[in-house]
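Observations on chain architecture
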There are 2 protein chains.
Amino acid sequence: MNYSRQRESIKQYLMSTKEHPTAEIIYQHVKEDYPKISLATVYRNLTLLVDSGEALKISTGDGTDHYDGNTTEHGHYYCKCCHKLIDLDIAPTTGQILAASSEVLGTIETASLMFTGVCKDCIINEEK
Amino acid sequence: MNYSRQRESIKQYLMSTKEHPTAEIIYQHVKEDYPKISLATVYRNLTLLVDSGEALKISTGDGTDHYDGNTTEHGHYYCKCCHKLIDLDIAPTTGQILAASSEVLGTIETASLMFTGVCKDCIINEEK
DNA sequence: AGAAAAATAATAATTATTACTATTTTTTAT
DNA sequence: ATAAAAAATAGTAATAATTATTATTTTTCT
């Protein structure tokens, strides 16, 4: 894998935000610095970053995948109302990881907790 | 929501299998009983079943969503090699759910653990 | 049984993602 | 520093999953 400024820019943006942007949103941002970048380049590099462990892909089932530059162990909360993804300081325990590993008799490369519900902001808006 | 035999057949099939079939695979199966069923009908009913809590949608990021008729709390393991989804008898602890709930100050409707790696069968095949 | 409401089949349309190819950028070796 | 080789890119076409549309059929209610 050779260096490329476009990939570097994608990575910088991913690490700078707490949002969990989609490929399209990443594309819009990186475009400010590289106006000629192609959406296909964004997708290709996101796949490279995920495969090399420099980013995470999060699939919520809302039609488009989200990406996360924070690769430390953490959980996610998905609001089914506003479709926001929120980081949580909650990770599977080593006990849970070991249990999973011995249950499937295979390797464990990633382990994560996912929660869904209606977030605080949406609850407040519903009341109005 | 009115009764429909097609939806009933989809539900039966989902509850009868431990695989985590995609809409397309469900379509192929239900077609044996209802040869004229439409793929759009499968999608529509899967959405209805998921929304009413009678099935789960699982997004692995492999391009197509998977469905699960087992709605009891359990975790999943996704083999990134053969793309199989395997049920695990591992669920988030109440402690983890409470922690998530107080961290986001929103409701928790679903909570699940997801693991990825290379499953036993794929490890054996790689050795050959 | 007959009217109203909901569901379906068939297909068109949409949207996210990947594939392709000629050109440009990056690396490597001189 | 420069030229060849390898990798990456932009632009666009193609693919594949999902959703929307509409005329017809099924289900429910009275």
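Bear in mind that the values here come from a model prediction, so they are computed numbers and not experimental data.

What counts as what
- Residues numbered from 1 in each chain as written.
- Chains lettered and ligands numbered in written order.
- Predicted model: local features only at pLDDT ≥ 70, side-chain atom pairs only at ≥ 80, totals over all residues.
- Heavy atoms only, no water.
- Salt bridge = Lys/Arg side-chain N within 4 Å of Asp/Glu carboxyl O.
- Helix = DSSP H or I, 4+ residues; strand = E, 2+ residues; numbered from the N terminus.
- Buried < 20%, exposed > 50% of the residue type's maximum accessible area, 1.4 Å probe, protein only.
- Contact = heavy atoms within 4.5 Å.
- Buried area = accessible area lost by both parts, 1.4 Å probe.
- Polar contact = N/O pair within 3.5 Å; in protein donor to acceptor, adjacent residues only side chain to side chain.
- Near = heavy atom within 4 Å.
- Nonpolar A, V, L, I, M, F, W, Y, C, P; charged D, E, K, R; others polar.

All names here are of chain A. Counted under the stated rule, the structure contains six salt bridges over all chains. Between glutamate 54 and lysine 11 there is a salt bridge whose closest N-O contact spans 2.7 Å. Highlighted residues: glutamate 54 in the loop between α3 (39-51) and β1 (56-58) and lysine 11 in helix α1 (residues 5-16), separated in sequence by 43 residues. What makes glutamate 54 partly exposed here is its relative accessible area of 25%.

This brings us to the interface of chain B and chain A. Contact with chain B, which involves 38 residues of that partner, is made by 38 residues of chain A. The junction of chain B with chain A conceals about 2800 Å² of combined surface from both sides, 56% of it contributed by carbon and sulfur atoms. The tally of links from chain B across to chain A stands at two salt bridges. The salt bridge involving lysine 80 of chain A is made with glutamate 109 of chain B; its shortest N-O contact spans 3.0 Å. Where chain B touches chain A, the interface holds 21 residue pairs in polar contact (both at pLDDT 80 or more).

With that settled, consider the protein's contact with DNA strand C. As a matter of local geometry, DNA strand C sits amid 20 residues, with Arg5 and Tyr43 of chain A together with Ser4, Thr41 and Arg44 of chain B nearest to it. Of everything in DNA strand C that lies within 4 Å of the protein, sugar and phosphate atoms constitute 83%. Contact distances for DNA strand C include 2.6 Å between a phosphate oxygen and a side-chain N or O atom of serine 4 of chain B. Secondary-structure elements contributing two or more residues to the surface near DNA strand C are α3 of chain A together with α1 (5-16) and α3 (39-51) of chain B.

On to the protein's contact with DNA strand D. Every one of the 20 residues lining DNA strand D counts as a neighbour, but Ser4, Thr41 and Arg44 of chain A together with Arg5 and Tyr43 of chain B are closest to it. The contact in question runs from a phosphate oxygen of DNA strand D to an N or O atom on the side chain of threonine 64 of chain B, over 3.4 Å. Between DNA strand D and aspartate 65 of chain B there is a distance of 3.2 Å, counted from a phosphate oxygen to a backbone nitrogen or oxygen. Of all the secondary-structure elements, those providing two or more residues to the surface near DNA strand D are α1 and α3 of chain A together with α3 of chain B. Of the residues in the surface near DNA strand D, the class split is six nonpolar, nine polar and five charged.

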